[in-house]
Amino acid sequence: MKRHLFKSVLAIALALSTVFSLASCGGGGGETSGSQPSVSGQGANEDRVMKVAVTSCPLDFNPYSSKAGSVYNIYGKTQVYDTLFTHDAEGNIVPSIVESYELSPDNLVITMKLHQGVKFSNGDEFTSEDAKFSIETCKATKSIAVYFSEIESIDTPDPYTLVFHLSTPNAALFENLTVYGQMISKQAYEELGDKFGMTAESVIGTGPYTITEFTPEQSVTYVANENYFKGAPNIKKVEVKTVVNDESAIIALQTGEFDYFMRSVPAISVDTIKADPNLELVNIASRKVYYMCFNCENGPFSDPNMRKAVSLAINREDLNIMITEGLGTIVYYPGYPTNIGNPDVNAQVAYQQNIEEAKRLVKEAGYEGATITASMENDTILQQFATALQSQLSAIGLNLSVDMMEYTAFMEDVFTNGNYEMTASFNTAKTGDMDYVWTNWMDSSKVGSGNTARYVSPEMDRLIQAARQEMDPKAREEAYKACVSLYLEDMPLIPVTYEYSSRVYNKNTLSIDTGLVEQDNFFYFSWAN
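Just so it is clear, the model here is predicted, and its values are computed rather than measured.

Quick look at the pattern of salt bridges
Step number 1: Overall, the coordinates contain 14 salt bridges when judged by the stated rule.
Step number 2: Glu190 serves as the salt-bridge partner of Lys186, at 3.3 Å between the closest nitrogen and oxygen. Of this pair, Lys186 and Glu190 both sit in helix H5 (residues 186-192), separated by four residues, roughly a single helical turn.
Step number 3: Residue Lys186 is classed as partly exposed on the basis of its relative accessible area, which comes to 29%.
Step number 4: Across the pair Asp520 and Arg503 runs a salt bridge, and its minimum N-O distance is 2.9 Å. Of this pair, Asp520 sits in the loop between strand E21 (510-512) and strand E22 (525-527) while Arg503 sits in strand E20 (residues 502-506); the two residues are 17 residues apart in sequence, bridging distant segments of the chain. By the burial criterion, Asp520 is buried, and Arg503 matches it.
Step number 5: Salt bridges here are not isolated pairs; linked through shared partners, they connect Glu150, Asp435 and Arg468.

Structure (structure tokens):
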């Protein structure tokens, strides 16, 4: 199911040219109140503690910190900060701290009514001034500013009304607002400055939980916010701990040490989990893709033919088996098939391994017999990926030397500074919209902060922007077809396969609506007994 706020709504609403109802295509114009995901009414057990394993707890709880980029940082913060919008169990975008909203006929003005009586964890009232400050802080955060660039100005006509004025329509904006734009206290953020979110005491949000203990990257203890505006959480206390090794986390889950694993189950462990009568495995839409990326700025891969040669040399089926035990989803351009806006033309654009053509391109580029260095993060699966690539590239006359790097060095040298020739890595999208994937990877404004290929193409920038601004779902998919066509010509990176994504929990202790699992929001969890 594609998560598309506009798929069933805007096609009708645009034709009507009235005030748009974005949460329900059955209603007329005017304000729309979104239905909230329901939570089990089961009574809470005050003394029980839910225990959660993650690969890394947040480094801090400042949602706008420059170090707040990882998925686990984001979902760790979900427990204490609200966003303007969220998803329901069917994947529809619905209001969260927003109560109702209107979209103008030209798609340039969004008027939102906020819930009244919402309190921050320090007791202060949440108002539209806080919401405005939060979004403006979001826009000032370099790593995510591009996703909100169309917000030209924000008005707060009263304490519970927030108005966005857009320079151009943005079809991805509502999806972005389900993940980014966490609501923070203007007063607390300005008073605490760089100290905001760095300790348990300095975490001030409106979310379903507060924090009592916090050791950066190691552990977090959450306690239910009994005054939460959507109702008190069923589970009153949650302890989250870092378990670096996936296998260790799975074993701890099986023995009852943990109730929930906030990470996809490694493909090699899927059958083991399925055979365990105490565990529930839930499939979710994948956002993590394994890919190869080339330095398009300088070096051998500044030549598009060298990039195409590698694309023709690899065997995706073999790589998929090696990386995901064959459970992954092979793709030929960036984007998971169910991403909002994805025209899903993989079958039409798929190409086969062609060793002879790849050899020809390498020889024509003057690199026959050359040694190419792949700079890669030191990771078990990536090591296997590298070994497979060495074999496949040797068949076309390229000797692949692999430089395994520690994470910090990799991020600085490769991701930020571009001191590399090629890399093989993985990337996890933060939203389910094509705009995030394409902007992050190929928009020239993201060079050094997502666009690892250092790929600069004014035409691609234009096409990505056109797709973002297209509000009609079908027309938007056509716009992404144009993006795909240019991508296949330039090929700055090569996505190989999306991992098999999942969550697993102990069904003897927890009860979770399957449609809400992937939100990783403890508010939607209840005790099973």
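Here we look at the side chain of Arg468
Step number 1: Turning to its location among the elements, Arg468 is positioned in helix H15 (residues 458-469).
Step number 2: Excluding residues within four positions of it along the chain, Arg468 makes contact with Glu150, Pro169, Asn170, Ala171, Ala172, Asp435, Thr439, Asp443 and Arg476.

Brief notes about the confidence of the model for the chain
Detailed reading of the predicted coordinates is not advisable wherever pLDDT falls low.
Step number 1: Per-residue confidence for the chain averages 90 on the pLDDT scale, and 90% of its residues sit at or above 70.
Step number 2: Every residue in residues 1-35 is under pLDDT 50, and counting partners more than four places away or in other chains gives 90 contacts.
Step number 3: Segment residues 68-72: pLDDT under 50, and 16 contacts once partners within four positions in sequence are set aside and those in other chains are kept.

Describing the side chain of Ser425
Step number 1: You can see Ser425 is positioned in strand E18 (residues 422-428).
Step number 2: Looking at Ser425, the relative accessible area reads 4%, which means it is buried.
Step number 3: Residue contacts for Ser425: discarding those within four places in its chain leaves Val289, Tyr290, Tyr291, Leu382, Phe385 and Phe410.

Let's talk about the pairing of strand E2 (residues 50-54)
Step number 1: Among the five residues in E2, four count as buried, and that is most of the element.
Step number 2: Strand direction decides the pairing type here: E2 and strand E11 (residues 237-242), joined by five bridges, are parallel. Pairing of Met50 across the sheet is with Val238, part of E11.
Step number 3: The pairing of E2 with strand E12 (residues 260-261) spans two bridges and is parallel. Looking across to E12, one finds that Ala53 is bridged to Phe261.

Some details on the pairing of E20
Step number 1: Most of E20 is tucked away, with five of its five residues classed as buried.
Step number 2: Here strand E13 (residues 279-283) runs beside E20; their pairing, made up of five bridges, is antiparallel. Residue pairing across strands places Leu281 opposite Val504, the latter belonging to E20.

Thoughts on unusual backbone geometry
Step number 1: Positive phi outside glycine occurs at Glu325, with the angle close to 60 degrees.
Step number 2: Among the structural elements, Glu325 can be located in the loop between helix H9 (316-324) and strand E15 (329-330).
Step number 3: Overall, the relative accessible area of 45% leaves Glu325 in the partly exposed class.
Step number 4: Not every positive phi belongs to a glycine, and Met491 is a case in point at roughly 45 degrees.
Step number 5: A relative accessible area of 4% means that Met491 is categorised as buried.

Calculation notes
- In every chain, residue numbers begin from 1 and rise along the written sequence.
- Local features in this predicted model are restricted to residues of pLDDT 70 or higher, and side-chain atom pairs are both shown and tallied only at a pLDDT of 80 or more, whereas totals for entire chains, interfaces and linings draw on every residue.
- With hydrogens and water excluded, all non-hydrogen atoms of the structure serve as input to the side-chain values.
- By salt bridge we mean one thing: a side-chain nitrogen of Lys or Arg within 4 Å of a carboxyl oxygen of Asp or Glu.
- Comment: elements are numbered from the N terminus, with helices defined as DSSP H or I runs of at least four residues and strands as E runs of at least two.
- Burial classification: accessible surface area is computed with a 1.4 Å probe over protein chains only, and a residue below 20% of its type maximum counts as buried, one above 50% as exposed, and the rest as partly exposed.
- Should any heavy atoms of two residues lie within 4.5 Å, those residues are considered in contact.
- A residue's pLDDT is the confidence the predictor assigns to it, expressed on a 0 to 100 scale.
- By the convention used here, strands pair only if DSSP detects at least 2 bridges between them.

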